[in-house]
Amino acid sequence: KQGHGRRGVKAVVSTQSTGMIEQEAVDLRLAFQKLCLDEKFEENKQAYLEKMEEKMGILDTYIGKGPFVLGEKLTYVDFMVFEYVSQIRKFAPKRVEKSGNIVRLLLHIRELPQLQAFFNSEEFKTVPINPSFAKFIG
């Protein structure tokens, strides 16, 4: 019975961590999209980059050292972080590179053997990341 309780606590912590990381990733992507669609793109770019670095630091800390967001367990949040941060990386590569845990996660997902056929297919597109009327298309 005591062992079951520990697993239950671990599941709750994992669920909470997943939710927090998901929200940080969504916040990053929404702020990036808002900037790219903003008529005042150039005026707002520096403020976005500063806030992005702060958010990336938070996300980097949440992710930690495991191969995936939740350590050894691959989840949908890993793919969200991969997609969103890969897009932001096109805009601010040097700033993204400062987040070692995030960069490691991106590389780990990119190297998953199960995904190589997809990454090497015509289906896998890295551009454009925004619509043609955006100030930054990708």
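You'll find the structure just up there.
What counts and what doesn't
- Residues numbered from 1 in each chain as written.
- Predicted model: local features only at pLDDT ≥ 70, side-chain atom pairs only at ≥ 80, totals over all residues.
- Heavy atoms only, no water.
- Helix = DSSP H or I, 4+ residues; strand = E, 2+ residues; numbered from the N terminus.
- Buried < 20%, exposed > 50% of the residue type's maximum accessible area, 1.4 Å probe, protein only.
- Contact = heavy atoms within 4.5 Å.
- Areas by Shrake-Rupley, 256 points an atom, 1.4 Å probe, with all protein chains shown as cover.
- Patch = residues over 30% accessible without salt bridge, like charges linked within 9 Å, V, L, I, M, F, W, Y side chains within 5 Å.
- Salt bridge = Lys/Arg side-chain N within 4 Å of Asp/Glu carboxyl O.
- Axes fitted to C-alpha atoms, helices over the stretch in contact; angles between N-to-C directions.
- Parallel < 35°, antiparallel > 145°, perpendicular 65-115°, else oblique.
- Left-handed = near helix turned anticlockwise from the far one by under 90°.
- Nonpolar A, V, L, I, M, F, W, Y, C, P; charged D, E, K, R; others polar.

### A few points about the overall build of the chain
Here's step 1: What the chain contains, in helices and strands, is six helices and zero strands.
Here's step 2: Secondary structure of the chain in N-to-C order comes out as α-α-α-α-α-α.
Here's step 3: Across the 138 residues that make up the chain, the buried fraction comes to 36%.
Here's step 4: Taking as baseline every contact in the chain between residues at least 6 positions apart, the subset at least 24 positions apart corresponds to 73%.
Here's step 5: Carbon and sulfur atoms form 56% of the exposed surface of the chain, whose accessible area is close to 8,600 Å².

### Let's talk about helix H5 (residues 100–110)
Here's step 1: For H5, every residue scored as buried is listed here: Asn101, Ile102, Val103, Leu105, Leu106 and Ile109.
Here's step 2: Along its buried surface, H5 packs onto helix H2 (41–63), helix H3 (76–91), helix H4 (93–97) and helix H6 (116–119).

### With respect to a nonpolar patch on the surface
Here's step 1: A grouping of Met20, Ile58 and Tyr62 is seen on the molecular surface, where their side chains present a nonpolar patch of about 230 Å² in accessible area.
Here's step 2: With a relative accessible area of 32%, tyrosine 62 lands in the partly exposed category.

### Some remarks on the packing of H2 against H3
Here's step 1: Remark: H2 packs on H3, axes separated minimally by 12 Å, with the N-to-C direction vectors making an angle of 140°. As summarised for this structure, H2 and H3 are arranged oblique, according to the angle between their axes. The interaxial crossing formed by H2 with H3 has left-handed handedness. Where H2 approaches H3, its residues Phe41, Lys45, Tyr48, Leu49, Met52, Met56, Leu59 and Ile63 are matched on the opposing element by Val81, Val85, Ile88 and Phe91.
Here's step 2: When grouped by side-chain class, the residues that make up the contact of H2 with H3 number eleven nonpolar, no polar and one charged.

By themselves, these are just geometric observations and shouldn't be taken as functional.
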